[in-house]
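# Geometric and topological summary
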Amino acid sequence: MARQLLSTKYLYALELVAQLFVDHKRAVGNIPYVTHLFGVCYIVQQLTDDREVHLGALLHDVLEDIPAEEYSAKQLQADFGAGVLRLVQAVSFDEVRYGKDESRRQYIAQLKVAPIDACLVSGADMLHNGRDFMYWYNREPAETTKQFGPEKIRRRDWFWHERLVVIEHRLGADHDLVKELRAMFRDLEVINQKIM
């Protein structure tokens, strides 16, 4: 029997994130936020055939960015299962409740013990954000610098470096994603020096 290329759950997840994030934009370029969710999912699809992980990648920002009264963890589990919920929770933080720095420390701690596939989603998230940042810096350096600035860059670098340490430890230095992230970090450093 032929493999189903597009499942009903995946179609529903595509529609769901398009609806939930309809008013959300990326930090630079006035681009719909769902481009990030689709980008992260695409990267993960190059790394694993596990459809639960694809769904986790597509939904990875839902619990972090969408109010629970609009779409809750309970709803996510009912729609996509406990495995997808665990992945999404592992790569989410609550900045409103815990503040920027503490929420990110908690994220690092939970990534260390989460299902290993959470490292694929977290790494793909960083890779897409980093490449997107560089793309927009090269197109609109003044606007990108204004949106991010030295303080945001310092916080991001600390958070991303700590994530990469965990991801490399868990996936191994020879993993394709780790190699891509290392290369991206080198490219980012060139731009960071200009902004700082």
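Quick caveat: nothing in here was measured; it's all calculated off a predicted structure.

## Details of the overall build of the protein
On a plain count of helices and strands, the protein comes out with 11 helices and zero strands. If you list the helices and strands of the protein from N to C, you get α-α-α-α-α-α-α-α-α-α-α. Relative to a compact globule of 196 residues, whose C-alpha radius of gyration would be 16 Å, the protein shows 17 Å and is just as compact. On the principal axes, the C-alpha backbone points of the protein span a range of 50 × 40 × 35 Å. Put simply, the protein has 196 residues, and 43% of those count as buried. Expressed as a percentage of contacts within the protein between residues at least 6 apart in sequence, the contacts between residues at least 24 apart total 70%.

## Observations regarding the pattern of salt bridges
Overall, the coordinates contain nine salt bridges when judged by the stated rule. Asp101 is the partner of Arg155 in a salt bridge, and the nearest nitrogen-oxygen pair spans 2.8 Å. Remark: Asp101 occurs in helix α8 (residues 100-113) and Arg155 occurs in helix α10 (residues 141-171); sequence separation between them is 54 residues. Under the relative-accessibility criterion, Arg155 is labelled partly exposed at 30%. Among the salt bridges present, the one from Asp157 reaches Arg156, with a minimum N-O distance of 3.4 Å. By relative accessible area, which is 26% here, Asp157 ends up partly exposed. One network of salt bridges, in which partners are shared, links Asp101, Glu151, Arg154 and Arg155.

## Side note on unusual backbone geometry
In this structure, Asn30 takes a positive phi of about 55° despite not being glycine. Structurally, the position occupied by Asn30 is in the loop between α1 (8-20) and α2 (34-47). Using a relative accessible area of 57% as the deciding quantity, one classes Asn30 as exposed.

## Quick word on the packing of aromatic side chains
Summed over the entire model, instances satisfying the criterion amount to eight aromatic pairs. Note on Phe21 and Tyr33: the rings are 5.3 Å apart at their centroids and 15° apart in plane angle, and the pair reads as stacked. Within this pair, whereas Phe21 is found in the loop between α1 and α2, its partner Tyr33 is found in the loop between α1 and α2, the two being separated by 12 residues in sequence. We note that Phe21, like Tyr33, is buried.

## What about the side chain of Ser122?
As for its position among the elements, Ser122 is in helix α9 (residues 117-139). The buried category is assigned to Ser122, whose relative accessible area is 1%. At a separation of 2.8 Å, a polar atom in the side chain of Ser122 contacts the side chain of Tyr107. What Ser122 contacts, discounting residues up to four positions off in sequence, is Val91, Tyr107, Leu111, Arg163 and Ile167.

Thresholds, definitions, all that
Residues numbered from 1 in each chain as written. Predicted model: local features only at pLDDT ≥ 70, side-chain atom pairs only at ≥ 80, totals over all residues. Heavy atoms only, no water. Helix = DSSP H or I, 4+ residues; strand = E, 2+ residues; numbered from the N terminus. Rg over C-alpha atoms; globule rule 2.2 N^0.38 Å. Buried < 20%, exposed > 50% of the residue type's maximum accessible area, 1.4 Å probe, protein only. Contact = heavy atoms within 4.5 Å. Salt bridge = Lys/Arg side-chain N within 4 Å of Asp/Glu carboxyl O. Phe/Tyr/Trp six-rings, centres within 6.5 Å; stacked < 30°, edge-to-face > 60°. Polar contact = N/O pair within 3.5 Å; in protein donor to acceptor, adjacent residues only side chain to side chain.

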